[in-house]
Amino acid sequence: MNTSNATPYGTLPPASPVAARKPISLPRLQDMRERGEKISMLTAYDATFAAVADAAGVDCILVGDSLGMVCQGLPSTVGVSLETMRYHVESVVRGVQRVQGTTWIIGDLPFGSYHESREQALRSATVLMQAGAHMVKLEGGGWTTETVRFLVERGIPVCAHLGLTPQTVHALGGYRVQGRGDSAAKLRQDALALQDAGAAMLVLEMVPAALSAELTEALPRCHTIGIGAGKGTAGQVLVMHDMLGINLGKNPKFVRNFMTGQSSVLDAMGAYVRAVKDGSFPDNTLHAW
Ligand code: KIV
């Protein structure tokens, strides 16, 4: 375990929580939640950035299928394969183990890898868990509930994902806010069912701030992680390339460029962790829903 704030990537500011950090686990996440400490999550896809995120004290790394867009240059996440996800999960795990090995790693199940049956989902989740992930993530509401229960009963921690679910972007008609008006009731119902099925985390993407704050209150055992979902969630996640200001396209409205005013990626990630923890990210001007 690291005993100072010096890392192979530079030295963190003295207030950094990294020194003497213990590995993140489900009980530690629950404890953070009960103490009101916000959970910081970033995506990462390779060993070096994962090592820097671990050194910066990021609580959770999501090896997201967003890698299809930021690493592979695909137009959406739909074309990402399970084999590609396995490759990137393994790379991230190796990177995290090079530094402190404290960050909780979530592997994203790609489009088509859990849709057929619970058994197919178990086979796909096994691939990512054997690559070193601590948890798998899957997208969708009601229809995924029994799959989540099946995986959790077999010892696989699950993160669910509601709101804007990028794998169904074509069905949703684009990257737009979800859970407004009548659809809020369905989102509430799905979130409660997913907690009941044993999901330990729930990404809420582009959901109105009031609704995600309400769901956070309603889900004490399932930690809500917001992305464009306001301040009221148990934690926050951003796509790493977006928060470093190196997105090839247009940055979503809710993103802050954490490289501004920083001289290294380590410092930018450290600034992100501190801003999530002290509640200064997101602020209410970063989203208009
Ligand atoms: O794939 C991903 O990076 C994600 C985040 C946007 C939450 O699902």
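As annotated in an unreviewed UniProt entry, the protein chain is 3-methyl-2-oxobutanoate hydroxymethyltransferase from Limnohabitans radicicola. Its UniProt record, at the heading Sequence similarities (unreviewed entry), says of the protein chain: "Belongs to the PanB family." Comment text from UniProt for the protein chain, heading Pathway (unreviewed entry), reads "Cofactor biosynthesis; (R)-pantothenate biosynthesis; (R)-pantoate from 3-methyl-2-oxobutanoate: step 1/2."

Engineer: Would you mind showing me how to read the side chain of Gln100 here?
Structural biologist: Here Gln100 lies in the loop between helix H4 (82-98) and strand S5 (104-108). Overall, Gln100 belongs to the buried group, its relative accessible area being 13%. In this structure the side chain of Gln100 is engaged in a polar contact, spanning 2.9 Å, whose partner is the backbone oxygen of Asp54. Within the structure, the side chain of Gln100 is placed 3.4 Å from the side chain of Thr102, a separation counted as a polar contact.

Engineer: Is there a simple way to think about the UniProt feature "binding site: Mg(2+)" (unreviewed entry) in the protein chain in this case?
Structural biologist: UniProt annotation of "binding site: Mg(2+)" (unreviewed entry) refers to Asp65, Asp108 and Glu139 when read in the numbering used here. The greatest C-alpha distance among the annotated residues, which extend across 75 residues, is 10.9 Å, indicating that they converge on a single site. From this annotated list, the subset lining the largest pocket comprises Asp65, Asp108 and Glu139. Its place among the elements puts Asp65 in the loop between strand S4 (60-63) and helix H3 (67-70). The exposure class of Asp65 is buried, given its relative accessible area of 3%.

Engineer: I would appreciate a short explanation of the sheet that holds strand S3 (residues 39-43) in the present structure.
Structural biologist: Across a sheet, paired strands are connected by hydrogen bonds in the backbone, their directions being either parallel or antiparallel. The sheet built from 8 strands closes into a barrel, its strands ordered S3-S4-S5-S6-S7-S8-S9-S10 with parallel pairing. Mean inter-strand twist for the sheet, computed between neighbouring axes without regard to direction, equals 25°. Bridge count for S5 against strand S6 (residues 135-137) is 3 bridges, and the pairing is parallel. The residue of S6 that forms the bridge with Asp108 is Lys137. Sheet contacts for H4: S4 and S5; angle to S4, the most-contacted strand, approximately 155°.

Reading the values: the criteria
- Residues numbered from 1 in each chain as written.
- Predicted model: local features only at pLDDT ≥ 70, side-chain atom pairs only at ≥ 80, totals over all residues.
- Heavy atoms only, no water.
- UniProt positions renumbered as here; feature names shortened; annotations may be inferred.
- Helix = DSSP H or I, 4+ residues; strand = E, 2+ residues; numbered from the N terminus.
- Buried < 20%, exposed > 50% of the residue type's maximum accessible area, 1.4 Å probe, protein only.
- Polar contact = N/O pair within 3.5 Å; in protein donor to acceptor, adjacent residues only side chain to side chain.
- 1 Å grid on protein atoms, 1.4 Å probe; cavity = no way out; pocket = protein on both sides within 12 Å on 5 of 7 lines; lining within 4 Å.
- Pairing = 2+ DSSP bridges.
- Axes fitted to C-alpha atoms, helices over the stretch in contact; angles between N-to-C directions.
- Contact = heavy atoms within 4.5 Å.

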